[in-house]
Amino acid sequence: MTVSSPGGADALPADPSVPGAMNLRDVGGLRAGSASTRHGVLYRSGNLARLDAGGTRALAELGLRRIIDLRADEEVAREPSRIDGLDLVTQRVPLFLGSVESFFRDDLTLDEMYRRLVDDSSQGVVAVVRGILADQPVLVHCTVGKDRTGVTIALTLAAAGVDTEAVVGDYARTEGLLPPRRNRKIVELLRSQHPEAVHLEDLATRSPAPVMRALLEDVGHRYGSAEEYLRAHGLADDEIAELRRVLVNPHG
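Residues numbered from 1 in each chain as written. Predicted model: local features only at pLDDT ≥ 70, side-chain atom pairs only at ≥ 80, totals over all residues. Heavy atoms only, no water.

Re the packing of aromatic side chains
- Scanning the entire structure with this criterion turns up two aromatic pairs.
- Ring centres of Y114 and Y171 lie 6.0 Å apart, and the angle between their planes is 85°; this geometry places the pair in the edge-to-face category. Taken together, the positions of Y114 in helix α4 (residues 110-120) and Y171 in helix α7 (residues 164-172) put the pair 57 residues apart, joining distant regions of the chain. The residues Y114 and Y171 share a single accessibility class, namely buried.
- With a centroid separation of 5.1 Å and 85° between ring planes, the pair formed by Y223 and Y229 is classed as edge-to-face. (Phe/Tyr/Trp six-rings, centres within 6.5 Å; stacked < 30°, edge-to-face > 60°. Helix = DSSP H or I, 4+ residues; strand = E, 2+ residues; numbered from the N terminus. Buried < 20%, exposed > 50% of the residue type's maximum accessible area, 1.4 Å probe, protein only.)

Quick look at the structure:
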């Protein structure tokens, strides 16, 4: 079974089935010039707080050696990951400075939120890339797997040489993977708390391709490329080379 491929990607195998894990997928098969990203190396998802025993077993079958959790302390305390018994490293890299609540309170656009993440959490993004280099297979996740995970994975893939439209397509897939029932409930809850917010539904449920395309263009305008962004914040040349070796199959 295959799924429709994001822009610039090869035909992709079905996403791994891990009961209780929302928005979990392998970023293998994305076009990188004449090459493509390797399967079974880098995964992304939302939180792992709703795994049942079968979900934990299915996650174990992915052979993960590291999980990188981008959530803040209060999010982890409220919804701890159900990964007891798995032999892997859990790396915590809280990416947002301030609370998730503040983004809804300030009624930011997705563009504004992503710009803040790129500017304010650059050391965290570099730490995630180093975690990816340290162990594979590796799973990167936040609460929904849309924003913190989306931006970090996009910068990582772009720095590894993945085609821009493939990066954008992978990000945009999230919107179609969020359960409608979950979206209705979370929007209703947030609307009760922020009745005047204009951008609430975008922040909670959407991953529009133009937003990620604009972010990558902005990073390119200010730094030259995603690779140069990472380099400017401490990633070394040999780490960039290793990232490409780890993620990209030159014959794929």
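Some words on unusual backbone geometry
- The amide bond that connects Q136 to the next residue, P137, takes the cis arrangement and shows omega of -5°.
- Mapping P137 onto the fold places it in the loop between α5 (122-134) and β9 (138-141).
- A positive phi angle, near 60°, is found at N23, a position not held by glycine.
- Along the chain, the position of N23 falls in the loop between β2 (12-13) and β3 (25-26).
- Unlike most non-glycine residues, D107 shows phi in positive territory, near 55°.
- Counting through the fold element by element, D107 comes out in the loop between α3 (100-105) and α4.

Looking at the environment of E239
- Structurally, E239 can be placed in helix α13 (residues 237-247).
- Separated by 173 residues in sequence, E239 and R66 place their C-alpha atoms 18 Å apart.

Quick notes on the sheet that holds β9
- Spatial strand order, β3-β6-β9-β7-β8: five strands in an open sheet with mixed pairing. The sheet is open, and its two edges are formed by β3 and β8 (89-92), each paired on a single side.
- Strand direction decides the pairing type here: strand β6 (residues 42-45) and β9, joined by four bridges, are parallel. Residue pairing across strands places S45 opposite H141, the latter belonging to β9.
- Contacts between helix α6 (residues 148-159) and the sheet are confined to β6 and β9, with β6 contributing the most and set at about 155° to the helix. (Pairing = 2+ DSSP bridges. Contact = heavy atoms within 4.5 Å. Axes fitted to C-alpha atoms, helices over the stretch in contact; angles between N-to-C directions.)

Focus: the confidence of the model for the protein
- Scored by pLDDT, the protein comes out at a mean of 91, with 93% of its residues at no less than 70.
- Note on residues 1-5: pLDDT is under 50 here. Beyond four places in sequence and across chains, it has 13 contacts. (pLDDT = per-residue confidence, 0-100.)

A few points about the sheet that holds strand β5 (residues 35-37)
- If you walk across this open sheet you meet the three strands as β4-β5-β10, and the pairing is antiparallel. Two strands close off the open sheet at either side, each with one partner strand: β4 (31-32) and β10 (248-249).
- For β5 and β10, the ladder comprises two bridges, and the chain directions are antiparallel. If you follow T37 over to β10, its bridge partner there is V248.

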